Amino acid sequence: MESNPEALIASIYEAGLMPPLWPRILSDIARAVDARGGLLMAKRGDAERWVASKQIAPVVTEFVDQGWAEHNVRASRCRSKSSYAGFLTDTDIFTTQELQTLPIYSEFLRPRGLDAGAGTAIHGVKTDSLMITVEGFKSHSAAKRAVLFLDSIRPHLARAAAISARMRMEQANAATEALATIGVAAAVLASDASIVSANSPFKALLATLGGDGAGRFRLSDVQANAEFLEALRLTSFGSGRSLALRRRADKPCVLHLAPLIRSVKDVFQEGSALLVLDVPGTSETYDSETIRRLYDLTPAEAKVAHLVAEGQTPAEVARSLGVSIETIRTHLKHTFAKTGADGQIRLSAQFRSVASRRPE
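I will try to describe carefully the structure that is included in this document.

Quick notes on the rules
Just so you know, the residues in each chain are numbered from 1, in the order the chain's sequence is written. Only residues with pLDDT of at least 70 are given local features in this predicted model, and only at 80 or more are side-chain atom pairs given and counted; all residues enter the totals for whole chains, interfaces and linings. Neither water nor hydrogens contribute to the side-chain values; these are computed over all heavy atoms in the structure. Accessible area is worked out with a 1.4 Å probe on protein chains only. A residue is then buried under 20% of its type maximum, exposed over 50%, and partly exposed in between. Per the convention used, a helix needs a DSSP run of H or I reaching at least four residues, while a strand needs a run of E reaching at least two, with both numbered from the N terminus. Whether two strands pair comes down to DSSP finding at least two bridges between them. One speaks of a salt bridge when a side-chain nitrogen belonging to Lys or Arg is within 4 Å of a carboxyl oxygen belonging to Asp or Glu. Given a helix with a known number of residues, its expected span is that number minus one, times 1.5 Å. What the arc describes is the spread of directions from the helix axis to the C-beta atoms. What makes two residues a contact is simply this: any of their non-hydrogen atoms within 4.5 Å.

## Describing the pairing of strand S5 (residues 129-135)
Part 1: The buried fraction of S5 is high, at seven of seven residues.
Part 2: Taking every second residue as pointing to the same face, both faces of S5 are buried, with Ser129, Met131, Thr133 and Glu135 on one and Leu130, Ile132 and Val134 on the other.
Part 3: Two strands pair when backbone bridges link them, and strand S4 (residues 117-122) and S5 are joined in this way by six bridges, in the antiparallel orientation. Its bridge partner lying in S5, Ala118 is registered against Val134.

## Re the pattern of salt bridges
Part 1: Tallied over the full model, the rule gives ten salt bridges.
Part 2: The closest approach of N and O atoms between Glu14 and Arg24, which form a salt bridge, is 3.3 Å. With Glu14 in helix H1 (residues 5-17) and Arg24 in helix H2 (residues 22-32), this residue pair connects regions lying ten residues apart in the sequence.
Part 3: Residue classification places Glu14 among the partly exposed positions, given a relative accessible area of 33%.
Part 4: On the basis of relative accessibility, which here comes to 40%, the residue Arg24 falls in the partly exposed class.
Part 5: The shortest N-O distance in the salt bridge between Glu135 and Arg74 comes to 3.0 Å. Here the residue Glu135 occupies a position in strand S5, and Arg74 occupies one in helix H4 (residues 73-79), the gap between them amounting to 61 residues.
Part 6: One connected set of salt bridges, linked through shared partners, spans Arg74, Asp90 and Glu135.

## So, H1
Part 1: Across its 13 residues, H1 extends 19 Å between first and last C-alpha, which sits within 8% of the 18 Å expected from 1.5 Å per residue.
Part 2: When we look at burial in H1, the residues that qualify are Leu8, Ser11, Ile12, Ala15 and Gly16. Down the axis of H1, the smallest arc covering the buried residues is 155°, so these residues share one side. Turned more than 90 degrees away from the buried face of H1 sit Glu6 and Leu17, all of them exposed.
Part 3: On the buried face of H1, the contacting elements are H2 and helix H8 (140-180).

So this is what it looks like as structure tokens:
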């Protein structure tokens, strides 16, 4: 067992203040009890995030890739005993027969020497479920012997986890409030569309878009909401997207979703995406390149949009650019779809504050 528990406890609190250190701390905890590695998992709704010590991270990735995480009876059984404020071993939550016959043990854990472990559910952080497990003991009896030490450091793990979660929440608040200072309506969303943090301009616009009464962002238009949820899902893969829609009173609006990229798989960063609402007449003046990126326009679409916003007719734009009127109409059709505008007058109004510079 750990010969210097004070040093380990100090390191645990260091990880609380610096979340990227958790993989190293999980490794130190496992080493202290002669196990192979440690794992920290956070579950919110259907989404589960994890971070592991480097010794077992490849195996955890394999576990997820093979689909075991979707039916992780081991984790669900441990969570079902979450009222117990201590570490539980596999023999505490499964019968001997279950340990011999359950596929998760016979097909995955036992062949990799990970069938003997100890885990605990941590409460008091803003997430549905946070678990810390120590994996790869030499035997179930070895896991049992380690529980006394693990229980002694559990209160420190809980406090450190709460500190990490609070820090990430403050970072989310700071991000949205910084955008509020320049008049941008923004919110940080979790993967299930729950609003983690929202600034005042966003809250002022929220009533015109809709919500489900449970703190989730939801569009009142069913089809638009389905597109939004798919775009939100894709942010977990590092993909962003802009969506055009109409608010109440028939005013167009564009939603910009940008993924929040994590350094190491940070289980305490609840936010999955940054949502920015762009409404005509409320944005600061942007250059043409920013407009092109915000509305997901091609360079040709952006050029046509700016010329139309300056008052030129499609025929005049066609002559100016030396292309056919059909080409201009095609570009406008795509631009209307992306911006939510339904005609040249509304497009001109929408771009008036951002048409200060013509694309090159």
